[in-house]
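Structural overview for review
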Amino acid sequence: MSATIQILSGLGGKGPAAIVVEAQGKRLLLDAGGALPPDEPITWARGLDVDAVLISHDHVDHIGGVAELPTQIPLYCTPLVAKALPPQRAWQPLPYRGRINVEGMTVTTGQAGHSLGGVWLHLDVAGGIFYSGDACFESRLFPFDAPPPAHTALLDASYGSYDQPQAQCIHAIGKALDHPLVLPVPETGRALEMALWLAEEADQRHLPLAIDPIIRDNLAALLALPNDLRREGLDEAIQALLKRPNARDPALWLVSDRGDNPADWPHHRLLHTGYLTPQRRQQLAAGEVLWQRWNVHLRASHLVALANQLQATQVAPLFTPLHANAEAAWRALLGERFITQPSLNAPSEARPLSSLLLTH
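Report follows, based on the coordinates. (Residues numbered from 1 in each chain as written. Predicted model: local features only at pLDDT ≥ 70, side-chain atom pairs only at ≥ 80, totals over all residues. Heavy atoms only, no water.)

**Description of the sheet that holds strand β18 (residues 343-346)**
Read from one edge of the open sheet, 7 strands run β6-β5-β4-β3-β2-β1-β18, paired in mixed fashion. Every interior strand has two partners, whereas the edge strands, β6 (92-93) and β18, have only one. (Pairing = 2+ DSSP bridges. Helix = DSSP H or I, 4+ residues; strand = E, 2+ residues; numbered from the N terminus.)

Written out as structure tokens, the structure reads:
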């Protein structure tokens, strides 16, 4: 049985995630993203008619548009992600790892390696449609589960053709730790693994450290989950960190990102480790803030490896610019599997993968 896919938002740039899959007479919305700059309007939801909504994780560009949708539309997410929904919004539970029937379609979920409670989504229609949400292979804390095969792969490509290993990123951040720093981070994402790393570095360098209470709460929530929903061997370190008091005069602050600006922290430098809003890009250009990526998305070689593992015959890189040079890079990486159009068909039978791979 075939399906149609409409990428309402998220193709061609870093923007809100919103994808409609129509199959068997039903329409499912995958993610309901809000704008990263908070003053930008959400346009993809206007006049939208869907039968159910599935949310991959709780970051604003994937969940921030829920308030734009009619409240009677059934919404599915994991219990931890549900904490970020608008007050009183009804929801039904997605498994952290497992299967569920949604409007007659089998939906498989697995750990995406990106954030607390976050999952990837696999729809068992049209030979399999896989949506990664945001995903990462390199998290020290969050596992990534191998998904079932899928003819169509809608993959997190937030980093474009970037392919620097996480170890190099961490080494570069470590060079900045000898100066008073504030690191604003998404409180359910990289914050948790960065907290563990910063505690180790602070001990080695004899630096006073403070960690936002909400980040501590989220670490406690992770610890309360079944142990196969986090990487092995870290429970003792998490428990020790939860018992560790905040320093009174910290040289290092790990804080939940609340739109922090340099003026908010006159005695520290701000070090950002992820997406920069236009204002923050201006601050970086002016030398007012620091930036060094901490990998939380698929880098290019990992995206290709995932597409190969899925045996996907069409692949749409999401959340990344697709100007001419970028398109050429993706075609070199993905060959004929590369998809650029926002509307596509997912046939139940697809050409063999070997016929679509680019030969070198």
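**Considering the environment of Pro148**
Examined against the element boundaries, Pro148 turns out to sit in the loop between β10 (129-131) and β11 (152-156). Residue class for Pro148 comes out partly exposed when judged on its relative accessible area of 24%. Residues Pro148 and His122 lie 26 residues apart in sequence; the distance between their C-alpha atoms is 7.6 Å. Not counting residues within four places of it along the chain, the set of residues in contact with Pro148 comprises Thr108, Trp120, His122 and Leu310. (Buried < 20%, exposed > 50% of the residue type's maximum accessible area, 1.4 Å probe, protein only. Contact = heavy atoms within 4.5 Å.)

**Focus on the packing of helix α4 (residues 190-205) against helix α6 (residues 235-243)**
Two measures define how a pair of helices packs: the angle their axes make with one another and the distance between the axes. One way to put it is that α4 packs onto α6 with a least axis distance of 10 Å and a crossing angle of 75°. Relative to α6, the element α4 is oriented roughly perpendicular. Of α6, the residues touching α4 (which contributes Ala195, Leu196 and Ala199) are Ala237, Ile238 and Leu241. Taken together, the residues of the contact of α4 with α6 sort by class into 6 nonpolar, no polar and no charged. (Axes fitted to C-alpha atoms, helices over the stretch in contact; angles between N-to-C directions. Parallel < 35°, antiparallel > 145°, perpendicular 65-115°, else oblique. Nonpolar A, V, L, I, M, F, W, Y, C, P; charged D, E, K, R; others polar.)

**Observations concerning the packing of α4 against helix α5 (residues 213-224)**
Where α4 contacts α5, the axes come no closer than 9 Å and their chain directions differ by 95°. Between α4 and α5, the crossing angle belongs to the class labelled roughly perpendicular. Residue-level inspection shows Ala191, Leu192 and Ala195 of α4 in contact with α5, the latter providing Ile215, Asn218, Leu219 and Leu222. In terms of residue class, the contact of α4 with α5 is made up of 6 nonpolar, 1 polar and no charged.

**Regarding the nonpolar core**
Counting residues in each nonpolar core, the largest one holds 42 residues, and the members touching the most others are Leu141, Leu198 and Leu254. Of all elements in the fold, only α3 (166-174), β12 (181-185), α4, β13 (209-211), α5, α6 and β14 (252-256) reach the threshold of two or more residues within this core. Judged by nonpolar contacts, the second largest core, of 31 residues, contains Val21, Ile100, Leu121 and Leu318. (Core = buried A, V, L, I, M, F, W, Y, C linked by side-chain atoms within 4.5 Å.)

**Re the pattern of salt bridges**
Summed over the entire model, instances satisfying the criterion amount to 15 salt bridges. With a shortest N-O distance of 3.7 Å, Asp61 and Lys14 are connected by a salt bridge. In this pair, Asp61 is assigned in helix α1 (residues 60-63) and Lys14 in the loop between β1 (3-9) and β2 (18-23), connecting sequence segments 47 residues apart. Among the residues examined, Lys14 registers a relative accessible area of 27% and is labelled partly exposed. Linking Arg230 and Asp235 is a salt bridge whose minimum nitrogen-to-oxygen distance equals 2.7 Å. Here Asp235 falls in the partly exposed class, since its relative accessible area comes to 27%. Residues participating in the shared-partner salt-bridge network are Arg97, Asp145 and Asp228. (Salt bridge = Lys/Arg side-chain N within 4 Å of Asp/Glu carboxyl O.)

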